[in-house]
Amino acid sequence: MAYEHLVLPCTPDARLAPLIESLRDLPPGRAEDYLGAREAAELPHTGDADALRAEGADVREVVAGGVPAILVEPPGDVSGTLIGLHGGSYVLCSATTHLRRFAAIGTLAGLRTLVVDYRLAPEHPFPAGLHDSIAALGWATANLDGPLALVGDSAGGGLALATLLRARDLGAPQLSAAVVISPWADLRCGAPSHQTRRARDPFAHLDDLPGYAALYAAGTDLDDPLASPVHGDYRGMQPLLVQIGSEETLYDDAIAVAGAADAAGVDVRVEEWAGMFHTWHAHVGKVTGADEAIASAATFLRRTLG
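The structure reproduced in this document is the subject of the present report. (Residues numbered from 1 in each chain as written. Predicted model: local features only at pLDDT ≥ 70, side-chain atom pairs only at ≥ 80, totals over all residues. Heavy atoms only, no water.)

## Some thoughts on the overall build of the chain
Heads up, the rule is: Per the convention used, a helix needs a DSSP run of H or I reaching at least four residues, while a strand needs a run of E reaching at least two, with both numbered from the N terminus. Atoms counted for the radius of gyration: C-alpha only. Globule rule: 2.2 Å times the number of residues to the power 0.38. Relative accessibility under 20% of the residue-type maximum defines a buried residue, over 50% an exposed one, and the middle range a partly exposed one, all with a 1.4 Å probe and only protein chains included. Note on definitions: a residue-residue contact is assigned when non-hydrogen atoms from the two residues lie within 4.5 Å. By the counting scheme adopted, Arg and Lys are positive, Glu and Asp are negative, and His together with the chain ends is not counted. Lys charges are placed at NZ, Arg charges at CZ, Asp charges at CG and Glu charges at CD.
Scanning the chain for helices and strands turns up ten helices and nine strands. A compact globule built from 306 residues should have a C-alpha radius of gyration of about 19 Å, and the chain, at 17 Å, falls within 12% of that. Each principal axis of the C-alpha distribution contributes one length, and for the chain these read about 45 × 45 × 40 Å. Within the chain, the proportion of its 306 residues that are buried is 57%. Restricting the contact set of the chain to residue pairs at least 6 apart, pairs at least 24 apart contribute 82%. Of the side-chain charges in the chain, 21 are positive and 39 negative, and the distance between the mean point of each set is 2 Å.

As structure tokens, this is what we get:
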């Protein structure tokens, strides 16, 4: 089994510095304001489905095992399915907010993309979202041809890891690979990088992670491996790509997950993208570093899924 940790440079881009400053200028996130934050997160993405259609994709809403989802069939042949689990601290965002970035990975990898609208806390705390991801996985297995892979970012990265663990324990059909981007894998938020990189990560002030963790866990033990998959047993897991920015607060979460998977004999590739921040993939088409990381994730999936 192989473990590699690569530090990758991004092509210099004059658009990056203004983007970082614009993120720093946004008002801080607060868990108690989650309803307003949900609405604000949706607005910039209302036209993303139409933009994908204009590029030749078939984009439609589906119900995947009782769970709302968006299915993107790119133009041309596909060899399998990428199941996307969006971030947003388990409280914010949706399939719509993450459609563009996940579909970009899927299209480059030659895969259709199914982005799951799992239920959110606090209305539906843990383990509702995990139940939804497992249901969507079962639906994809029964209804979509070819191998399956997972992708998730931030909380969606944590949910992707939990889905791998739960699917294995249920004896569910095995996935072929997983990509986790800036994964939030420890609800205790106690790793050193949460503090040491806080000033470096322009996204950090937007995530009230302890507050969101309380809404999501709703009294669940924060060390439960299905809530905090940093504590998971990864034996028998599929090849894993972990993408992180060098500047992000969740750096230590990502490294700990990669180490746990490696110790369990899993093939793990860690890509640390120099100068990048939490979930920079959101800026696909706007910053070269996002485009390059998305292309690298697609290359990993093509190679792993064959």
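## So, the packing of aromatic side chains
Keep this limit in mind: Pairs were defined over the aromatic rings of Phe, Tyr and Trp, the Trp ring being its six-membered one, requiring ring centres within 6.5 Å. Orientation was assigned from the angle between planes: stacked under 30 degrees, edge-to-face over 60, tilted for the rest.
This model, assessed by the stated rule, comprises three aromatic pairs. Seen in terms of ring centroids, Y90 and W184 are 5.8 Å apart; in terms of plane orientation they differ by 40 degrees. Their pairing is tilted. Here the residue Y90 occupies a position in the loop between β4 (81-85) and α4 (95-109), and W184 occupies one in the loop between β7 (177-181) and α7 (193-196), the gap between them amounting to 94 residues. Under the relative-accessibility criterion, Y90 is labelled buried at 2%. Measuring from ring centre to ring centre gives 3.7 Å for Y90 and Y216, while their planes differ by 5 degrees; the resulting arrangement is stacked. Here Y216 lies in helix α8 (residues 209-217) and Y90 lies in the loop between β4 and α4, a separation of 126 residues in the sequence. Each member of the pair, Y90 as well as Y216, is classed as buried.

## Examining the pattern of salt bridges
For clarity, the threshold we go by: Whenever Lys or Arg places a side-chain nitrogen within 4 Å of a carboxyl oxygen from Asp or Glu, that contact is recorded as a salt bridge.
This structure, assessed with the given rule, holds 17 salt bridges. Residues R112 and E73 are paired through a salt bridge, measuring 3.0 Å at the closest nitrogen-oxygen approach. Placement of the pair is R112 in strand β5 (residues 112-116) and E73 in strand β3 (residues 67-73), with a sequence separation of 39 residues. Here E271 makes a salt bridge to R269, at a shortest N to O gap of 2.7 Å. The pair E271 / R269 is uniform in exposure class, with both members buried. Three or more residues joined by partner-sharing salt bridges are found here, namely E4, R269 and E271.

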